[in-house]
Amino acid sequence: MRTRLPLTLAAGVTGLMLAGAVQADHHGEMSKDIVDTAVEAGQFQTLVAAVEAAGLVETLKGEGPFTVFAPTDEAFAALPEGTVESLLMEENREQLQSILTYHVVPGSVMAEQAMSLDNATTVQGQDLTITTGDGTLMIDEASVIQADIEASNGVIHVIDAVLMPE
């Protein structure tokens, strides 16, 4: 049986991907949103730059909740040479928004819940394939390397690859 998460957020949620800053400190209350959490983490500089270039910062700072599958700087560096620079250009803003919103799922989906799903519909509109094996949660072809980083407006799961919509 396939379980799907309902698509309830507007396309503006695209910036959610920036939430990748999940490496934030968990002490005290969750007062930082996804963007601030990503900035503080230090391993999402490329993601944050992309969110800014795509005009998604305010969206990701919004009420949410959002689930962001956040690629690390290393994941972006693994893309073919020139890809990131090209995507950050103003004329490629729509393509960048599509890629970033493909990393965001409406609602707050913790890893344990995700492991019971086959797929999830992204803010971008396409489905992510969710699989598990040997205790690893896979989102499309990316492995979740750190899960359940909570922010005031959602949750971030750090992944080791950039997800590309079809």
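Before any of the text, the structure's been laid out above.
Analysis parameters
- Residues numbered from 1 in each chain as written.
- Predicted model: local features only at pLDDT ≥ 70, side-chain atom pairs only at ≥ 80, totals over all residues.
- Heavy atoms only, no water.
- Salt bridge = Lys/Arg side-chain N within 4 Å of Asp/Glu carboxyl O.
- Pairing = 2+ DSSP bridges.
- Helix = DSSP H or I, 4+ residues; strand = E, 2+ residues; numbered from the N terminus.
- Axes fitted to C-alpha atoms, helices over the stretch in contact; angles between N-to-C directions.
- Buried < 20%, exposed > 50% of the residue type's maximum accessible area, 1.4 Å probe, protein only.
- Contact = heavy atoms within 4.5 Å.
- 1 Å grid on protein atoms, 1.4 Å probe; cavity = no way out; pocket = protein on both sides within 12 Å on 5 of 7 lines; lining within 4 Å.
- Points joined across faces, edges and corners; volume = space filled by probe spheres on them.
- Nonpolar A, V, L, I, M, F, W, Y, C, P; charged D, E, K, R; others polar.
- Arc of directions from axis to C-beta.
- Polar contact = N/O pair within 3.5 Å; in protein donor to acceptor, adjacent residues only side chain to side chain.

Tallying each qualifying case throughout the model produces 4 salt bridges. Through salt bridges with shared partners, one network takes in D33, D36 and K61.

Below, the discussion takes up the sheet that holds strand 2 (residues 104–106). If you trace the 7 strands from one edge of the open sheet to the other, you get 2-1-7-6-5-4-3, paired in mixed fashion. Both outer strands of the open sheet, strand 2 and strand 3 (119–121), are each paired with one neighbouring strand and no more. Put simply, the sheet's adjacent strands are angled 30° from each other on average, direction ignored. Across 6 bridges, strand 1 (residues 66–71) lies against strand 7 (residues 154–159) in parallel orientation.

Side chains three or four residues apart in an α-helix point the same way, a direct result of the helix having 3.6 residues per turn. Residues L96, I99, L100 and T101 constitute the buried set of helix 6 (residues 93–101). If you follow the buried residues of helix 6, they end up packed against helix 2 (45–53), helix 5 (83–87) and strand 2.

Following the criterion strictly, the structure yields 2 cavities of 30 Å³ or more and no others. Of the voids in this model, the largest cavity is the one considered here, and its volume is about 50 Å³. Considering the residues around the largest cavity, the lining is formed by T46, A50, F76, V84, L87, L88, L96 and I99. The set of elements that each furnish at least two residues to the lining of the largest cavity consists of helix 2, helix 5 and helix 6. Residue composition of the lining of the largest cavity, grouped by class: 7 nonpolar, 1 polar and no charged.

Before going further, it helps to examine helix 1 (residues 34–41). What helix 1 keeps buried is the set I34, V35, T37 and A38. In a view along the axis of helix 1, the buried residues occupy a sector of 165°, so they form one face of it. Of the surrounding elements, those touching the buried residues of helix 1 are helix 2, helix 3 (57–60), strand 1, strand 6 (142–151) and strand 7. At the N-terminal boundary of helix 1, the capping side chain belongs to D33, with an oxygen 3.0 Å from the backbone nitrogen of V35.

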